[in-house]
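Residues per chain, in single letters:
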Amino acid sequence: MKKLLALILTLSLLGTATAEIADNWYEVFVRSYQDSDGDGLGDLNGLRSRLDYIEDMGWRGLWLMPVMPSPSYHKYDVTDYLDVDPEYGTLADLRALIDEAHERDISVILDLPVNHTSTLHPWFVEAADSLLSGDTDNPYIGYYNFNQSGGSGYAPLSDSGWFFEETFSGGGMPDLNLDNEAVRDELRTILGFWLNDVGADGFRLDAVTSYYTGDAEKNIAFLAWLKETCEALKPGAYLVGECWANLNVIADYYSSGLDSFFLFPASQAEGFVAASLRGRSKRAEKFAAKYRQVLDAIPDGRLAPFLCNHDTGRTVGLVQGRNNPAIAKFAEGVLGMLGGSVFTYYGEEIGMVGSGDDPNKRLAMYWSDGEMTDQPPGTTAVEYAYPCVEEQLADPASLLNYVKAVNRARLENPAIADGANEFLLAEGDLCLMRREVEDWVCLIAINFSKDDAGTLEVGDCEITDDLETGEDSASLSEGALTLPPYGIAVLKINSHL
């Protein structure tokens, strides 16, 4: 434990020199995004062709779901950590994508699953072949966790009498032995390759609570090693972890020194954003109470709020917004008013839907009628509740243009993402927050009511961003701000409250 604390202290000192982290991130499943060669599969060159769109929408960070060679459509079971899956293109294609993203001031992070590999990875193939032939001295055997007794979390290696650890059972994804120094040497090479040779700006770390299942202390220590290693290889590399757990557990994981962990308490149907929208009364009070808990639990770490991702049902479904564009917009607006680095899953900006089987949550991006990739294998339901990108770009009142306005507000008012938060009011359905960072100060006013306008005393201010979900706008008169239903306004303070 003393070694862990010393490492964490070292990381805290290293963290003072880290580069700026993007405020607005966009998660993309490459296979379902944009096809460039007519084979029906999205690819890296297709994604590169959409960088103008991504930049114009106000995203300054791009998270690519796994792009490494893999036998599965989702590619979380890697067979080669130092290459790109041919379905998506080549290393040259990825380098070109990253270079062009950087020209637009867009950072790129790669999804890195290091809890496990594919059973087809050469490391596992060689280890398995050795055990099946009776040779127990092959060093690759130590890359994984084999035993001859089986037990919970272990799968049989054919009928050899050997078993291997597999946290995600049935997926052909054997767990790596992360205590093995040879494995860590391999990982150090892998991290350096993507950060420095290819030019990535960091990683999204998959399933961090499964590195050592049931052992949070060892998970945190390994994350600290990953952060220290990346920092040595490329100072300022951004690491965001998938710690799918409650707030207290996520707060504990920040002690690893990792930059961010996804804010699961704000996400999905049971998260405090959607729950506040669906509440029957005192919605702002409930939102404020939950948000205060987050800020109290994680006072210093950079938050990574989101509403949905590739593993969860999409936002339009969780807020019952298929036929209610106002609530679909408002959910995105409330998310955008949270501090930290906000993550948006591709297609959220046009109200794509999907739930149930994983492929249903990863449908083809709906660019225009007749322009989309093939649907992922295993898809059982295809539905597009809102118009395509082409139509929504042309409609000033569309969900897409609302999301764009939210992103722009965050870019133009750094205090939204980076400022210290203070609740000035949270009563009934009305919420007023103050954010301040360096020379930037702003107020954020939110009306959670779906039916009634509300008035807040804000003093000598001016509205810089009026996020309208309907036909009515926010208005100021003698220091009183009137917000329409589901209204959000960002205000510049002329005289400090």
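Structure: above.
These numbers were taken from a predicted model, which means no experiment stands behind them. (Residues numbered from 1 in each chain as written. Predicted model: local features only at pLDDT ≥ 70, side-chain atom pairs only at ≥ 80, totals over all residues. Heavy atoms only, no water.)

Colleague: So, the pairing of strand β1 (residues 24-28): which residues are in play, and what are the values?
Modeller: Taking burial as the measure, the five residues of β1 include five buried ones, the bulk of the element. Here β1 shows two buried faces, one formed by Asn24, Tyr26 and Val28 and the other by Trp25 and Glu27. Sheet analysis places β1 next to strand β11 (residues 342-345), joined by four bridges and oriented parallel. Within β11, the residue paired with Asn24 across the bridge is Val342. Pairing between β1 and strand β2 (residues 61-64): four bridges, direction parallel. (Buried < 20%, exposed > 50% of the residue type's maximum accessible area, 1.4 Å probe, protein only. Helix = DSSP H or I, 4+ residues; strand = E, 2+ residues; numbered from the N terminus. Pairing = 2+ DSSP bridges.)

Colleague: An account of the sheet that holds β2 is needed here, citing residue identities and associated values.
Modeller: As summarised here, the arrangement of the eight strands in space is β10-β9-β8-β7-β3-β2-β1-β11, forming an open sheet in which the pairing is parallel. At either end of the open sheet lies a strand with only one pairing partner, and these are β10 (302-305) and β11. The mean angle between the axes of side-by-side strands here comes to 30 degrees, regardless of whether they run parallel or antiparallel. As paired elements, strand β9 (residues 260-263) and β10 share four bridges and run parallel to each other. (Axes fitted to C-alpha atoms, helices over the stretch in contact; angles between N-to-C directions.)

Colleague: Outline unusual backbone geometry, supporting the account with residue identities and numerical values.
Modeller: For Ala207, which is not a glycine, the phi torsion comes out positive at approximately 50 degrees. In this fold, Ala207 is placed in the loop between β7 (202-205) and α7 (216-233). Of note in this structure, Tyr486 is not a glycine but carries a positive phi near 55 degrees. On the secondary structure map, Tyr486 appears in the loop between β18 (480-483) and β19 (488-493).

Colleague: Before we move on, can you summarise the side chain of Asn180 with the specific residues and values?
Modeller: In this structure, Asn180 sits in the loop between β6 (163-165) and α6 (181-198). The exposure class of Asn180 is buried, given its relative accessible area of 17%. Within the local environment of Asn180, its side chain forms a polar contact with the backbone oxygen of Gly142, the two atoms lying 2.7 Å apart. At 2.7 Å, the side chain of Asn180 and the backbone nitrogen of Ala182 are in polar contact. Discounting chain neighbours no more than four positions away, the residues touching Asn180 are Gly142 and Tyr143. (Polar contact = N/O pair within 3.5 Å; in protein donor to acceptor, adjacent residues only side chain to side chain. Contact = heavy atoms within 4.5 Å.)

Colleague: Tell me about the nonpolar core, and please be specific about residues and values.
Modeller: In terms of nonpolar packing, the biggest core is built from 150 residues, with Tyr53, Leu64, Leu94 and Trp194 touching the most fellow members. Counting residues per element, this core draws most heavily on α6, which supplies eight residues. Excluding residues that lie within four positions of it along the chain, Leu94 makes contacts with Leu44, Leu64, Val67, Val84, Leu110, Trp194 and Val198. (Core = buried A, V, L, I, M, F, W, Y, C linked by side-chain atoms within 4.5 Å.)

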